Amino acid sequence: MRKMLILLALATAATTSTAAADKFGAHIGTSNGLQYVQDLSSSNALRYSLNLDLINLFSGGSLAVGGDVAYLNDFGGTTSGFAPYYGAGLGAYVSVGKSTGVSVYPHGIVGLNFDLTDPFSVFVEGSLGARIGVGSASSFGLGYGARLGVNYRFR
């Protein structure tokens, strides 16, 4: 496992441009967790999120762990520090407890980023897509999400 993590870190470092402004952050909302944002250029980025929905343990009797990968692109231009963006993502979640199963969530994203002060920014976003679940509570339906978060640009 340790070798696998080292290889993953090296592969990520090898594909990261030194001109990119990488960010680390946290979000709350319909999912709660941590994220890493890798800028590909000045107008688009890849975001990797680890979602730790511990609240389900208390309200529904389940613990859900998952994550998502999203491609984000600016609409173009920044007005008074505000930068609207859109994108597409794919989330996957595993739930253990009262409800046990796996779900996937392909979705579209619309959001707004605001630069507070260098290196901090805040964002708010919404997502909409299909939610497909397999397990003790198999389902197919419309999924949605909302996030409020903060990012720290470290390079």
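Thresholds, definitions, all that
- Residues numbered from 1 in each chain as written.
- Predicted model: local features only at pLDDT ≥ 70, side-chain atom pairs only at ≥ 80, totals over all residues.
- Heavy atoms only, no water.
- Helix = DSSP H or I, 4+ residues; strand = E, 2+ residues; numbered from the N terminus.
- Polar contact = N/O pair within 3.5 Å; in protein donor to acceptor, adjacent residues only side chain to side chain.
- Contact = heavy atoms within 4.5 Å.
- Phe/Tyr/Trp six-rings, centres within 6.5 Å; stacked < 30°, edge-to-face > 60°.
- Buried < 20%, exposed > 50% of the residue type's maximum accessible area, 1.4 Å probe, protein only.
- Salt bridge = Lys/Arg side-chain N within 4 Å of Asp/Glu carboxyl O.
- Pairing = 2+ DSSP bridges.

## As for the side chain of serine 127
In this fold, serine 127 is placed in strand S7 (residues 120-135). A distance of 2.9 Å separates the side chain of serine 127 from the side chain of tyrosine 105, its partner in a polar contact. Residues within four places of serine 127 in sequence aside, it is in contact with Tyr105, His107, Gly108, Ile109, Gly143, Tyr144 and Gly145.

## Description of the packing of aromatic side chains
The relative placement of two aromatic rings is captured by the distance of their centres and the angle of their planes. As enumerated under the stated definition, the model contains five aromatic pairs in all. Ring plane angle 20° and centroid distance 6.3 Å describe the contact between tyrosine 36 and tyrosine 48, whose orientation is recorded as stacked. Placement of tyrosine 36 in strand S2 (residues 33-39) and of tyrosine 48 in strand S3 (residues 44-53) is noted, with a sequence separation of twelve residues between them. Ring centres of phenylalanine 120 and tyrosine 152 lie 5.2 Å apart, and the angle between their planes is 55°; on these two criteria the pair is classed as tilted. Of this pair, phenylalanine 120 sits in strand S7 while tyrosine 152 is found in strand S8 (residues 139-153), placing the two residues 32 residues apart along the sequence. The class for tyrosine 152 is partly exposed, based on a relative accessible area of 38%.

## Remarks on the pattern of salt bridges
Evaluated as defined, the whole model comprises four salt bridges. Ionic pairing is found between lysine 23 and aspartate 39, a salt bridge with its closest N-O pair at 3.8 Å. With lysine 23 in strand S1 (residues 23-29) and aspartate 39 in strand S2, this residue pair connects regions lying 16 residues apart in the sequence. Summarising the burial analysis for this pair, lysine 23 and aspartate 39 share the class buried. Its salt-bridge partner being aspartate 68, residue arginine 147 comes within 2.6 Å of it at the nearest N-O pair. One end of the pair, arginine 147, is in strand S8; the other, aspartate 68, is in strand S4 (residues 62-74), with 79 residues separating them in the sequence. In this structure, arginine 147 and aspartate 68 share a single accessibility class: buried.

## Regarding the pairing of S1
For S1 and S2, the ladder comprises five bridges, and the chain directions are antiparallel. If you follow phenylalanine 24 over to S2, its bridge partner there is tyrosine 36. Two successive antiparallel strands, S1 and S2, enclose a turn made up of three residues. By the bridge criterion, seven bridges tie S1 to S8 in an arrangement that is antiparallel. Residue pairing across strands places glycine 25 opposite asparagine 151, the latter belonging to S8.

Treat this as a map of the structure, not an account of what it does.
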